[in-house]
Amino acid sequence: MDDFGKGYSSLSYLKYLPIDKIKIDKSFVDDILDSTLNGSIAKAIIEMSHTMNFSVIAEGIEEEVQLAFLLNNFCELGQGYLLSKPLDVKGVTELIK
């Protein structure tokens, strides 16, 4: 489920839809940098996802502190400019090599 927690995504969908991955919306990854929120929503999504045996993907990782927070909270996968800029097929092939 992409952009989890935004728009019309509902917790009730998690019980009924055939999903196995949750992607944390970038806005919640950005909240990791906010001293008042301290990533509380991202952490809650990660914990809930693990409890339900879902893989967790964080999108929009742009700062080392975000990556450290996500790794410390057992987020398995991530994407964002800190890890790699968007790549075409040739770029992905070179990265894998």
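Look above for the structure.
A short tour of the structure in this document, coming up. (Residues numbered from 1 in each chain as written. Predicted model: local features only at pLDDT ≥ 70, side-chain atom pairs only at ≥ 80, totals over all residues. Heavy atoms only, no water.)

Some words on helix α4 (residues 64–72)
Residues Gln66, Phe69 and Leu70 constitute the buried set of α4. Buried residues along α4 cover an arc of 95° about the axis, so they all sit on one side. Among the exposed residues of α4, those oriented more than 90 degrees off its buried face are Glu64, Leu71 and Asn72. Positive phi appears at phenylalanine 74, one or two residues downstream of α4, with a value of about 65°. (Buried < 20%, exposed > 50% of the residue type's maximum accessible area, 1.4 Å probe, protein only. Helix = DSSP H or I, 4+ residues; strand = E, 2+ residues; numbered from the N terminus. Arc of directions from axis to C-beta.)

With respect to the pairing of strand β2 (residues 55–58)
The side chains of a regular strand alternate, residue by residue, between the two faces of the sheet. Pairing geometry for strand β1 (residues 21–24) and β2, over four bridges, is parallel. Its bridge partner lying in β2, isoleucine 22 is registered against valine 56. Following the backbone out of β2, through α4 and into the adjacent parallel strand β3 (residues 77–78), one traces a crossover that is right-handed. (Pairing = 2+ DSSP bridges. Right-handed = clockwise from strand over helix to strand, strands pointing away.)

Comments concerning the nonpolar core
Membership of the largest hydrophobic core comes to 16 residues, with the highest contact counts inside it found for Ile24, Val29, Ile32, Ile46, Ala58, Leu70 and Cys75. Sorting the residues of this core by element identifies β1, α2 (26–30), α3 (40–51), β2 and α4 as the ones contributing at least two each. Of all the elements, α3 adds the most residues to this core, at three residues. Once you skip the residues sitting within four places of it in the chain, cysteine 75 turns out to touch Ile46, Val56, Ile57, Ala58 and Leu70. (Core = buried A, V, L, I, M, F, W, Y, C linked by side-chain atoms within 4.5 Å. Contact = heavy atoms within 4.5 Å.)

Describing the pattern of salt bridges
Here the structure, examined in full by the defined rule, presents four salt bridges. A salt bridge links glutamate 62 to lysine 26; the nearest nitrogen and oxygen atoms lie 3.6 Å apart. Of this pair, glutamate 62 sits in the loop between β2 and α4 while lysine 26 sits in helix α2, and the two are 36 residues apart along the sequence. Between glutamate 94 and lysine 97 there is a salt bridge whose closest N-O contact spans 3.9 Å. Since its relative accessible area comes to 48%, glutamate 94 is described here as partly exposed. Salt bridges linked by common partners bring Lys26, Asp30 and Glu62 together as one network. (Salt bridge = Lys/Arg side-chain N within 4 Å of Asp/Glu carboxyl O.)

With respect to the environment of glycine 80
With respect to the helices and strands, glycine 80 occurs in the loop between β3 and α5 (89–96). The class of glycine 80 is buried, set by a relative accessible area of 17%. Each C-alpha atom, one on glycine 80 and one on isoleucine 61, is 4.4 Å from the other, the two residues being 19 residues apart in sequence. Apart from the residues within four sequence positions on either side, glycine 80 is in contact with Gly60 and Ile61.

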